[in-house]
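Commentary on secondary and tertiary structure
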Amino acid sequence: MRQRLTYLLAFALTIPLAIPLYGASQLDVPSVAYRHRTLPNGMEVYSVRDTSIPRVAIQVWYRVGSKNDPPHRSGFAHLFEHIMFKSTKHMPSEFFDRLTEDVGGENNATTRDDSTNYYEVIPSNYLETLLWAEGERLASLTVNEANFKSERDVVKEEYRFRILAPPYGRLYYSLDKDSWQVHPYKRPGIGSIEDLDASTLSDVKKFHSTYYRPDNAVIVVAGDFDDAQLDGWVDKYLGTIPRPKTAIPRVTVKEPPHKELKRFTEYGPNVPLPAAAMTWIIPDARSADSAPLTVAAAVLGLGESSRAYQSLVYREKIANEVEIDADEREDAGLFIAFAIMSSNHKVSEGHKALRKEIDALAQKPVSEAELTKAKNQIIANILRERETNNGTAFEIGQSVVVEHDAAAVNKDIRKLQAVTPGDVKRVVETYLVKGKPTLIDYESQPGGGAK
Amino acid sequence: MKNVVTIVFALLLAVAAIGEQTTPPLPGPPRPLNIPTPADKTLPNGLRVIVIPKSGVPLIAARLMIKTGGEADPADKAGLADMTASLLTKGTTTKSAEEIARGVEALGSAIESGAGWDYSYVAISSLANNFGTAMTYVADVVRNPTFKTDEVDRLREQNIDALSVNLKDPAQLARFVASRVVYGGGAYGHNLGGTPKSLENIKREDAAAFHAKWYRPENAIFVVAGTITPDDAMAIAEKSFGDWKGVGEMPANAAEAGGATQNQEKPRVVVIDMPDAGQAAVIVTRRGLARTDPAYIASQVANAVLGAGYSSRLNEEIRIKRGLSYGAGSSFEFRREAGPFFATAQTKNESAGEVAGIINEQLSGMTSTSVPESELTPRKAVLLGNFGRALETEAGLVSRVAALALYGLPLGDLSHYISDVQGVTAEQVKGFAGTHFPDENVVIVGDMKKFGDEFKKRFPNAEIIPLAQLDLDSPTLRKP
């Protein structure tokens, strides 16, 4: 591990008492060493070999996500992800569970705004079996009406589980809906009951043939395998799948800069404490400003030593919880700040206090010590993610699909380490102070104003 | 594991056509899993230190565990153990809450403290190269907390606010209610985090006294896992806790003195009516077993068939076949005395009764019919897979080993867990189910007006409690 010493500076805070010097050297993490191939049919293959335990993780990423939901079918990419566990030409429904869970492995999948990723973690002697199975569902998904309808009901229960049942579910649901003006990111990925009900089996077939093709897929294998065997199996089970001649439709809509502040009030039926949310549009994940924005979010909101926690939760006691996040995506990102208020405190106080912390970061450069702390928190979290084969595979897939560059898995850490106090000040000023936010008040109301 | 392979593929070959790519390629020979051997030593002051070295990413997880938790809360001060543990990081004789948070986070470390049943803990996740520095914070918060009044007041207010949110979440509230239903006025019956009323009763003196009484080396275990040698870890443990001494004599443990559980007279069906609840939370629950019960392994296998993992019977029947829930499952919570068994699912309000009925049917199915080997073998593989995955991360290793140490079980149990699970027979599972699955309580939190007539027919004796009438501090669950 490479170490770089940084200044040991006193931490300037509003408490003027003698606070002992604190300092920690900047952390570094070992690079991820991956191997890359592109198959003749366009599929990208990445692998990271680590034979310390007899297990292997497979991640298959498709460059299709909720932003690609067909018109009037919000939630469809996610519903489709569920259908990918149903039958194929040579596998009955839920056969992935027979090949994973039943032999001590696991599987799952996640639909995001820009991508859908499927994974299996299995005893390594099952690698060939699962590569075959991934090829099966890419090449020959078959699903019947009964399976489709029952899985659609499951997704409707997932909607209720995530959005309707938890007190703040409707707030999370509203963030994208209210923040984006034209980009399809504005349609919540979980969809709506109406749109889910409107979807049909023919939508499924069309979606599969449009987006599930080898030249729209990235496979990452991490763990215990032999390079030559892996290449042979990948060629045999995935390399033989034909590449369609048609073009893959892409979202080309650009979110314009927001010209004015927008304000929304959203309601939930069982909301004991109101919440204040603010969002701003930020650049895409490949932008040079992405790393400083990530650091700004950490300075403001990561951990109990962060500025917003210290101010809103600890000192002023106006909020019970704060969350600040730079959500970086393929086309553009969303900077999100929200506070669940303490009892007897108003949403307007939350908006004001969040704004004050953001303004302060634009007015005075962050100290080297506070900057190093924030970077160390971020970098340690990345290291924790890489503790498992599946975590490493996830990071590579995410880099390829969202940042269009596998090397970003290593470069991003260098970029974080290089962020200066001036960078943080500049991006906060550019995007958060000069940028026009969307403000959301989240309040309690019987009935909840949603279905 | 060989059995698994044979059965799965035999089934498939019977239905699939013969051909190079129409059947899944058979797996190669398996590689054995390496089970680590922990180093285990007791310091002269009575602190037990356990170290599990692990190669890989340079991370270390450690947990200082006190063998006393929420079961020792006084009846009118539910939440005291958790408040006490949470307050440790909120100020010591030399550092403020803010200095602790800032110092730990600057290292890239994360510190966490709280209480469970039978234990309280401070956990740290740290990079290997600054673990020694991170541990100075752990030692300080365990040994020198000040429980300042303003910190106690702040945390109490935060916890009361957080509880007000949990009490409006059907799934969370159903858990709180279920504990009362199963344990009545016994110590395991209250909420670990307390109630708005009980938290009001907790003062700084209570937390300081709880700390003085239970936080002592002879009532503690320190577990470390990660990229560190046993010698280095032992040296850090010695430096952090070697000169730690408790105040006065070690008291008898609250739970060992009995009273954590209370016998229930007859099963109850309790509905908490929450208007506008977005879904109904359904829990079928009863008293399970203690961690040291000889039936522990059989209970794990029986539960794997019933409700652990995606393809368990509950998820198969409720989610996969009927689309009634995003997920259904069950679990035993193992404690010093008999912890609870829960089978749970969330469903739309209209199907609450149907889901409760399916769970009950599946439970009774386990008692009347033996599980076929073709089902038993893959369900055992689920347990073994979970076990293997826990050993992959340092946090997983710590929690697995800490649980053995907490209940005085041999750490060598790790090395024969796989063969123990494989040795459980279908007859043992049926026998276990016959003793442990009948007489379940049903708890449902949801919007009662949507449950429908079918629900009333199915559960004619349900106790209906409007949310406004609910009192979690009372075994009857009703306000007087």
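Residues numbered from 1 in each chain as written. Chains lettered and ligands numbered in written order. Predicted model: local features only at pLDDT ≥ 70, side-chain atom pairs only at ≥ 80, totals over all residues.

**Some details on the overall build of chain A**
Counting its secondary structure elements, chain A contains 15 helices and 11 strands. Relative to a compact globule of 451 residues, whose C-alpha radius of gyration would be 22 Å, chain A shows 23 Å and is just as compact. For chain A, the spread of C-alpha atoms along the three principal axes comes to 70 × 55 × 40 Å. Put simply, of all contacts in chain A between residues at least 6 apart along the chain, 80% involve residues at least 24 apart. (Helix = DSSP H or I, 4+ residues; strand = E, 2+ residues; numbered from the N terminus. Rg over C-alpha atoms; globule rule 2.2 N^0.38 Å. Contact = placed C-beta atoms within 7 Å.)

**Overview of the overall build of chain B**
Counting secondary structure elements, chain B contains 17 helices and 12 strands. Against the 2.2 N^0.38 benchmark of 23 Å for 480 residues, chain B shows a C-alpha radius of gyration of 24 Å, consistent with a compact globule. With respect to the three principal axes, the spread of C-alpha positions in chain B is 70 × 65 × 40 Å. Here chain B, with 480 residues, has 55% of them falling under the buried criterion. (Buried ≥ 20, exposed ≤ 12 C-beta atoms within 10 Å, placed from the backbone.)

**Quick notes on the confidence of the model for chain B**
Detailed reading of predicted coordinates is not advised where the pLDDT is low. Confidence in the prediction of chain B, expressed as mean pLDDT, is 92, and 94% of residues score 70 or more. Reported confidence for the predicted complex is 0.92 by ipTM and 0.93 by pTM. (pLDDT = per-residue confidence, 0-100.)

**Description of the environment of B:Gly446**
Residue and element names in this part refer to chain B. One can find Gly446 in strand β11 (residues 441-446). Owing to 29 C-beta atoms within 10 Å, Gly446 belongs among the buried residues under this scheme. Excluding its chain neighbours within four sequence positions, the residues that come into contact with Gly446 are Pro170, Met274, Ala277, Gln279, Ala280, Ala281, Asn349, Ala352 and Phe451.

**Remarks on the sheet that holds strand β2 (residues 44-49) of chain A**
All names here are of chain A. Overall, mixed pairing links the six strands, which are arranged β1-β2-β6-β3-β5-β4 in an open sheet. Where the open sheet ends on each side, the last strands, each with one partner, are β1 (35-38) and β4 (106-111). Neighbouring strand axes in the sheet, compared pairwise and without regard to direction, differ in orientation by 15° on average. Pairing of strand β3 (residues 55-62) with strand β5 (residues 116-123) involves eight bridges; the strand directions are antiparallel. Directly across from Val60, in β5, lies its bridge partner Tyr118. (Pairing = 2+ DSSP bridges. Axes fitted to C-alpha atoms, helices over the stretch in contact; angles between N-to-C directions.)

**Some thoughts on the environment of A:Ala277**
All names here are of chain A. When you line up the elements, Ala277 lands in strand β8 (residues 275-282). Using a count of 29 C-beta atoms within 10 Å as the deciding quantity, one classes Ala277 as buried. It is 9.7 Å that separates the C-alpha atoms of Ala277 and Ile324, two residues lying 47 residues apart in sequence. Leaving out residues up to four positions away in the same chain, Ala277 has contacts with Leu171, Leu175, Ile336, Phe338, Ile440 and Tyr442.

**Description of unusual backbone geometry**
Residues and elements named next belong to chain A. Of note in the backbone geometry, Glu94 takes a positive phi value of approximately 60° without being a glycine. Considering the arrangement of structural elements, one finds Glu94 in the loop between α1 (76-83) and α2 (95-99). Its 16 C-beta neighbours within 10 Å are what place Glu94 among the partly exposed residues. With phi around 55°, Lys317 is a residue other than glycine that occupies positive phi space. Within the secondary structure, Lys317 sits in the loop between α10 (307-315) and β9 (319-327). Accessibility expressed as a C-beta count within 10 Å gives 15 for Lys317, which makes it partly exposed.

**Brief notes about the interface of chain B and chain A**
Every contact between the two is made by 67 residues of chain B and, on the other side, 67 residues of chain A. For the side of chain B that touches chain A, the secondary structure elements donating two or more residues are α1 (2-15), α3 (97-106), α5 (149-166), α6 (170-183), α11 (313-321), β10 (340-347) and α13 (373-390) of chain B. Of the residues contributing to the side of chain B that touches chain A, the split by class is 30 nonpolar, 22 polar and 15 charged. (Nonpolar A, V, L, I, M, F, W, Y, C, P; charged D, E, K, R; others polar.)

**With respect to the sheet that holds strand β10 (residues 333-341) of chain A**
Residues and elements named next belong to chain A. Strand order across the open sheet formed by five strands is β7-β11-β8-β10-β9, with mixed pairing between neighbours. One side of each edge strand has no neighbouring strand; the edge strands of this open sheet are β7 (262-268) and β9. With strand direction ignored, the average angle separating the axes of adjacent strands in the sheet is 15°. Bridge count for β8 against strand β11 (residues 438-444) is five bridges, and the pairing is antiparallel. Of the residues in β11, the one forming a bridge with Met278 is Leu439. Set on the sheet, helix α5 (residues 169-179) makes contact with β7, β8, β10 and β11; between it and β7 the angle comes to about 155°. Across the sheet, α10 is in contact with β9 and β10; its angle to β9 comes to roughly 155°.

**Thoughts on the pairing of β4(A)**
Residues and elements named next belong to chain A. When β4 meets β5, the two strands line up antiparallel, connected through six bridges. In the sheet register, Glu106 faces β5, and the bridge partner there is Val121. In this structure, the hairpin formed by β4 and β5 is closed by a connection of four residues.

**Some points on the packing of helix α3 (residues 127-139) of chain A against helix α8 (residues 227-237) of chain A**
All names here are of chain A. Running from N to C, α3 and α8 cross one another at 25°; their axes reach a closest spacing of 9 Å. Between α3 and α8, the interaxial angle falls into the category roughly parallel. Between α3 and α8 the crossing geometry is right-handed. In contact with Leu127, Glu128, Leu131, Trp132 and Gly135 of α3, α8 contributes Trp233, Val234 and Tyr237. Its residues assigned to classes, the contact of α3 with α8 shows six nonpolar, one polar and one charged. (Parallel < 35°, antiparallel > 145°, perpendicular 65-115°, else oblique. Left-handed = near helix turned anticlockwise from the far one by under 90°.)

**Some words on the confidence of the model for chain A**
When the pLDDT values of chain A are averaged, the result is 92; 94% of them are 70 or greater. Taken together, the stretch residues 1-21 of chain A has pLDDT below 50 and engages in 32 contacts with residues farther than four places along the chain or on a different chain.

**Section: the nonpolar core**
Of all hydrophobic cores here, the largest spans 222 residues; its most connected members are B:Val138, B:Val177, B:Phe222 and B:Val223. Once residues lying within four places of it in the same chain are set aside, the contact partners of B:Val138 are B:Ala62, B:Leu64, B:Ile111, B:Val122, B:Ile124 and B:Ser240. (Core = buried A, V, L, I, M, F, W, Y, C linked by C-beta atoms within 7 Å.)

**What to know about helix α11 (residues 347-363) of chain A**
For α11(A), which comprises 17 residues, the first-to-last C-alpha distance of 25 Å matches the rise-based estimate of 24 Å (1.5 Å per residue) to within 8%. Three or more residues of α11(A) are buried, namely A:Val347, A:Gly350, A:His351, A:Ala353, A:Leu354, A:Glu357, A:Ile358 and A:Leu361. (Expected span 1.5 Å × (residues − 1).)

**Quick notes on the pairing of β10(B)**
Residues and elements named next belong to chain B. Most of β10 sits out of view: eight of its eight residues are buried. A two-sided burial pattern is seen for β10, the buried positions comprising Pro340, Phe342, Thr344 and Gln346 on one face and Phe341, Ala343, Ala345 and Thr347 on the other. Bridging between strand β8 (residues 280-287) and β10 involves eight bridges; their strand directions are antiparallel. Looking at β10, one finds that Val282 is bridged to Ala345. Bridging between strand β9 (residues 328-332) and β10 involves five bridges; their strand directions are antiparallel.

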